[in-house]
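Geometric and topological summary
For reference, the chains in residue letters:
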Amino acid sequence: MDATSPEFYIEGVRSGNRRILAKTITLLESIRPADRHLARVVMEGLLPHTGKSIRLGITGVPGVGKSTFVERFGMVRINDGMKVAVLAIDPSSTRSGGSIMADKTRMEHLAVAEGAFIRPSPSGGTLGGAARMTRESLLVCEAAGFDLVIVETVGVGQSETTVASMVDFFLVLMLAGAGDELQGIKKGVLEMADAVVINKADGDNVEKAEQARRAYENAFHLITPESLTWHPPVLTCSALTASGFDQVWETIVDHHRRLEKTGELAQKRRQQAVSWMWSRIEDGLKERFFENPDVRSQLKEVQSAVARGDQSPTAGAEALLFLLDNGR
């Protein structure tokens, strides 16, 4: 079999071949029409073998130690006999479109560990691009037999919502001792969180971490939980010493079991899948819009007219969309 055959990718992924796993994700990221068609066939072949992993999303404020946490946490899970994949939604270089953050150098031990796989998702300048690649990469990692797939957001803002929309458990890392802890809380992030973990609870910082834990715990009383089955806990840990990691993992597993038992986990994944479909429809419509030759020929002129005030934004949009309709 060669690299133009769907079976090359499907069988390679299913056998746990990390080189073919990486090639499959590269295929998914390709914008070439032939590659896109092949990628769709490959994904359809892999889909029946997905859904058995725990999908864990991790975000946190800058300087919180996400990379250290993810690497140490992943190594602990691997030492327990699990297979761990890490996918990072990363900012992109505006020149190359590649990933700025060198994930494999940030996680040097995890990168070479047997049973681990690390992959950045360069977004090509758009968060939507990264999200699409990461969602499909997550399913490929599941088909490859990874027990835990960690999706880490390196960016901030909308990327948090994006990660929360593709995982089972959304973990928010926070810092203690950085002034007024509650001042740094964004209500939207807490509403998405399945747990908040105060990192760097070691040395002289243990008491401050405990104070922060109580502050965040009080803040949760102001938020209506998304699930009646689960009330998000606030925990402390140290990524340097791995203290508190057992409790964090037990919390993730407990959440998974509870939601699995009530059927909420299956329902959540179904909703996410439909949401991903609509996201791809929106991306596809946008791509077709900009690829339309009539739109491309008149876009600058209409845009200039709107900027000068000669045409309203609504009229400009309708004129361009009419061109798209005519190009059917």
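Residues numbered from 1 in each chain as written. Predicted model: local features only at pLDDT ≥ 70, side-chain atom pairs only at ≥ 80, totals over all residues. Heavy atoms only, no water.

Right, let's talk about the overall build of the protein chain for a bit. From N to C terminus, the protein chain includes 14 helices and seven strands. Looking at the 328 residues of the protein chain, the share that counts as buried comes to 48%. Sequence separation of at least 24 residues holds for 75% of the intrachain contacts in the protein chain that already meet a minimum separation of 6. Carbon and sulfur atoms make up 53% of the accessible area of the protein chain, which amounts to about 16900 Å² in all. (Helix = DSSP H or I, 4+ residues; strand = E, 2+ residues; numbered from the N terminus. Buried < 20%, exposed > 50% of the residue type's maximum accessible area, 1.4 Å probe, protein only. Contact = heavy atoms within 4.5 Å. Areas by Shrake-Rupley, 256 points an atom, 1.4 Å probe, with all protein chains shown as cover.)

Bringing the nonpolar core into the picture now. Counting residues in hydrophobic clusters, the biggest one holds 49 residues, and the most contacted among them are Leu21, Val140, Phe146, Val196 and Ile198. If sequence neighbours within four positions are ignored, Phe146 has contacts with Leu21, Ser53, Lys83, Val84, Ala85, Gly115, Ala116, Phe117 and Cys141. By size, the runner-up hydrophobic cluster in this structure holds 35 residues, among which are Leu110, Ala113, Ile118 and Leu265. (Core = buried A, V, L, I, M, F, W, Y, C linked by side-chain atoms within 4.5 Å.)

This brings us to helix 4 (residues 66–79). Under the 1.5 Å per step criterion, the end-to-end length of helix 4 is 20 Å for 14 residues, consistent within 8% with the ideal 20 Å. Residues Lys66, Ser67, Phe69, Val70, Glu71, Phe73, Gly74, Arg77 and Ile78 constitute the buried set of helix 4. Backbone geometry just downstream of helix 4 places Gly81 in the positive-phi region, at approximately 95°. (Expected span 1.5 Å × (residues − 1).)

Right, let's get into the packing of helix 1 (residues 6–14) against helix 2 (residues 18–29). Put simply, helix 1 and helix 2 touch, their axes get as near as 8 Å, and they point 130° apart. Taken together, the axes of helix 1 and helix 2 lie oblique to each other. Of the two possible hands of crossing, helix 1 and helix 2 adopt the one that is left-handed. Contacts from Phe8, Tyr9, Gly12 and Val13 of helix 1 reach helix 2 at Ile20, Leu21, Lys23, Thr24 and Leu27. (Axes fitted to C-alpha atoms, helices over the stretch in contact; angles between N-to-C directions. Parallel < 35°, antiparallel > 145°, perpendicular 65-115°, else oblique. Left-handed = near helix turned anticlockwise from the far one by under 90°.)

Close inspection of predicted coordinates is inappropriate in any region flagged by low pLDDT. Looking at the protein chain as a whole, the pLDDT averages 85, with 85% of positions reaching at least 70. Note on residues 92–103: pLDDT is under 50 here. Beyond four places in sequence and across chains, it has 27 contacts. (pLDDT = per-residue confidence, 0-100.)

With the rule as written, the count across this model stands at eight aromatic pairs. Taken together, a centroid distance of 6.3 Å and an interplanar angle of 40° make the contact between Phe117 and Phe146 tilted. One end of the pair, Phe117, is in strand 3 (residues 116–122); the other, Phe146, is in the loop between helix 7 (127–143) and strand 4 (148–153), and 29 residues separate them in sequence. According to the relative accessible area criterion, Phe117 is buried, its value standing at 7%. Here a set of aromatic residues connected by ring pairs shows up, and it is made of Phe69, Phe73, Phe245 and Trp249. Above the face of the Phe73 ring, Arg77 is positioned so that its terminal group lies 5.3 Å from the ring centre. (Phe/Tyr/Trp six-rings, centres within 6.5 Å; stacked < 30°, edge-to-face > 60°. Lys NZ or Arg CZ within 6 Å of the ring centre and 35° of its normal.)

Going through the model one piece at a time under the given rule, you end up with 13 salt bridges. Of the charged contacts in the structure, one is a salt bridge between Glu287 and Arg36, with a shortest N-O distance of 3.0 Å. Pair noted here: Glu287 is in helix 12 (residues 264–291) and Arg36 is in helix 3 (residues 33–46), with a separation of 251 residues, a long-range link. With a relative accessible area of 21%, Glu287 lands in the partly exposed category. For Glu217, the salt bridge goes to Arg213, with nearest N and O atoms at 2.9 Å. One end of the pair, Glu217, and the other, Arg213, are both in helix 10 (residues 206–220), four residues apart, so they sit about a helical turn from each other. (Salt bridge = Lys/Arg side-chain N within 4 Å of Asp/Glu carboxyl O.)

Along the chain, Arg269 falls in helix 12. At a separation of 2.7 Å, a polar atom in the side chain of Arg269 contacts the main-chain carbonyl oxygen of Gly51. Those residues in contact with Arg269 that sit more than four places away from it in its chain are Gly51, Lys52, Ser53, Arg55, Glu142, Asp168 and His256. (Polar contact = N/O pair within 3.5 Å; in protein donor to acceptor, adjacent residues only side chain to side chain.)

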